[in-house]
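The primary structure of each chain is shown beneath.
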Amino acid sequence: MSLLEGRTAVVTGGARGIGYEIARLFVEEGAAVVLGDLDEAEAVAAAKTLPGTALGFRCDVTVEDEVQSLLEYCTEEFGSLDVLVNNAGITRDKTMRNMSSDDFRSVVDVHLYGAWLGTKHASAIMREQGRGSIVNISSISGKSGNVGQTNYSAAKAGMVGLTKAAAKEVAHLGIRVNAVQPGLIRTAMTEAMPQHAWAAKLGDIPMGRAGEPAEVASVVLFLASDLASYVTGAVIEITGGRNL
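Note that the structure is a prediction, hence the values are computed from the model and not measured.

Caption draft 1: Spotlight on the pairing of strand β6 (residues 175–182). For β6, a buried count of eight out of eight residues is recorded, marking the element as mostly surrounded by other parts of the structure. Relative to strand β7 (residues 235–238), β6 runs parallel, the two sharing four bridges. For Q181, the partnering residue across the bridge sits in β7 and is E237.

Caption draft 2: Fine view of helix α4 (residues 101–129). The end-to-end C-alpha distance of α4 is 40 Å, a good match for the 42 Å that 29 residues give at a rise of 1.5 Å each. Along α4, the largest kink reaches about 40 degrees and is centred on D109. One or two steps after α4, the chain reaches G130, where phi turns positive at roughly 80 degrees.

Caption draft 3: Focus on the packing of helix α3 (residues 64–78) against α4. Their axes nearest at 10 Å, the elements α3 and α4 cross at an angle of 40 degrees. One element, α3, and the other, α4, form an angle in the oblique class. Our pair here, α3 against α4, has a crossing hand that is right-handed. Of α4, the residues touching α3 (which contributes E64, V67, Q68, L71 and T75) are Y113, L117, G118, K120, H121, A122 and I125. Within the contact of α3 with α4, the residues separate by chemical class into six nonpolar, four polar and two charged.

Caption draft 4: Layout of the pattern of salt bridges. All chains considered together, the criterion is met by 13 salt bridges. As a salt-bridge pair, K120 and E64 come within 3.7 Å of each other at their nearest N and O atoms. Linking K120 in helix α4 with E64 in helix α3, this pair joins segments that are 56 residues apart in sequence. Take E64: its relative accessible area is 28%, and that puts it in the partly exposed class.

Caption draft 5: Quick peek at the side chain of T119. Assignment of secondary structure puts T119 in helix α4. Leave out the neighbours within four places in its chain, and T119 touches L84, N86, I134, N136, L162 and A166.

Caption draft 6: Main features of the nonpolar core. By size, the foremost hydrophobic cluster in this structure holds 34 residues, and its most contacted members are I22, F26, V33, L35, V85 and V220. If you list the elements that add at least two residues to this core, you get β1 (8–12), α1 (17–28), β2 (32–37), α2 (40–48), β4 (83–86), β5 (132–137) and α9 (213–224). Membership of the second largest hydrophobic core comes to 23 residues, among which are V10, L71, M126 and L173.

Reading the values: the criteria
Per chain, residues are indexed from 1 in the order of the written sequence. The predicted nature of this model means local features are confined to residues of pLDDT at least 70 and side-chain atom pairs, given and counted, to a pLDDT of 80 or more, with totals for whole chains, interfaces and linings taken over all residues. The basis for the side-chain values is all heavy atoms of the structure; hydrogens and waters are excluded. Residue burial is assigned from relative accessible area. The probe radius is 1.4 Å, only protein chains are included, and a residue is buried under 20% of its type maximum, exposed over 50%, and partly exposed in between. Helix and strand assignments follow DSSP, with helices taken as H or I runs no shorter than four residues and strands as E runs no shorter than two, numbered in order from the N terminus. Pairing between two strands requires that DSSP report at least two bridges joining them. Helices are assigned an expected span. That span is 1.5 Å times one less than the residue count. Two axes enter the definition of the bend at a residue: one is fitted to the seven residues ending there, the other to the seven starting there, and the bend is the angle between them. In this analysis an axis means a line fitted to C-alpha atoms, helices contributing only their contacting stretch, and an angle means the value between N-to-C directions, from 0 to 180 degrees. Our angle categories are set so that under 35 degrees counts as roughly parallel, over 145 as roughly antiparallel, 65 to 115 as roughly perpendicular, and the remainder as oblique. Two helices cross in a left-handed way if the nearer one is turned anticlockwise from the farther one by less than a right angle. They cross in a right-handed way if the turn is clockwise. Contacts: residue pairs with any heavy atoms within 4.5 Å of one another. Any residue that is not Ala, Val, Leu, Ile, Met, Phe, Trp, Tyr, Cys, Pro, Asp, Glu, Lys or Arg is counted as polar, Gly included; the first ten are nonpolar and the last four charged. In what follows, salt bridge is the name for a side-chain nitrogen of Lys or Arg lying within 4 Å of a carboxyl oxygen of Asp or Glu. Residues grouped as a nonpolar core are buried Ala, Val, Leu, Ile, Met, Phe, Trp, Tyr and Cys residues, joined through side-chain atoms within 4.5 Å.

Put into structure tokens, the structure is as follows:
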């Protein structure tokens, strides 16, 4: 039997990149998936390319009503909400000296506040079901920090604290909350960085290569599935050994 057979899932930021790869693997493992994304047309188009049951839905994760609507859409269409992946994110990279307050707040709002809203409202649905899994997509930047990313690093570190506190609050309800911290993953965003910056990052990775979105998705699948039935409050690094 597939690992998510008969389950339902919502993936925010699911129209592209790591979020899309997570949604693809979930569908392949038997789940019905809703891809939430700020770009509704892209979310709908991405859902149509998946090899199974998937729908696209517009959602700004910083707007509480829209987060609630996204999760309710999943339950209305598929009958339950078994898994939520808080993946939506943006970057506004600048040194702290040059970063505006809006640059800082917008990144924290999408990553951290958005994950909090998702976790809060998903757990309210899941508690009625007596089970559920929430996976937050943090980053190794939340552990080690990156120059030019005081906003992003702070938000990703905050997601770790959110994960651990929420896990303690909802464990007795049958809900698990975990996080992953990807390192250098080959996406359109990371491949756009200057070659010297890419080479410098590779030099810090014992495995000597960047990770692939599918390698993040497989760890998220583990946490979402019953293979991780006794795992909650965990933070798994997906870095090829970087920052050990």
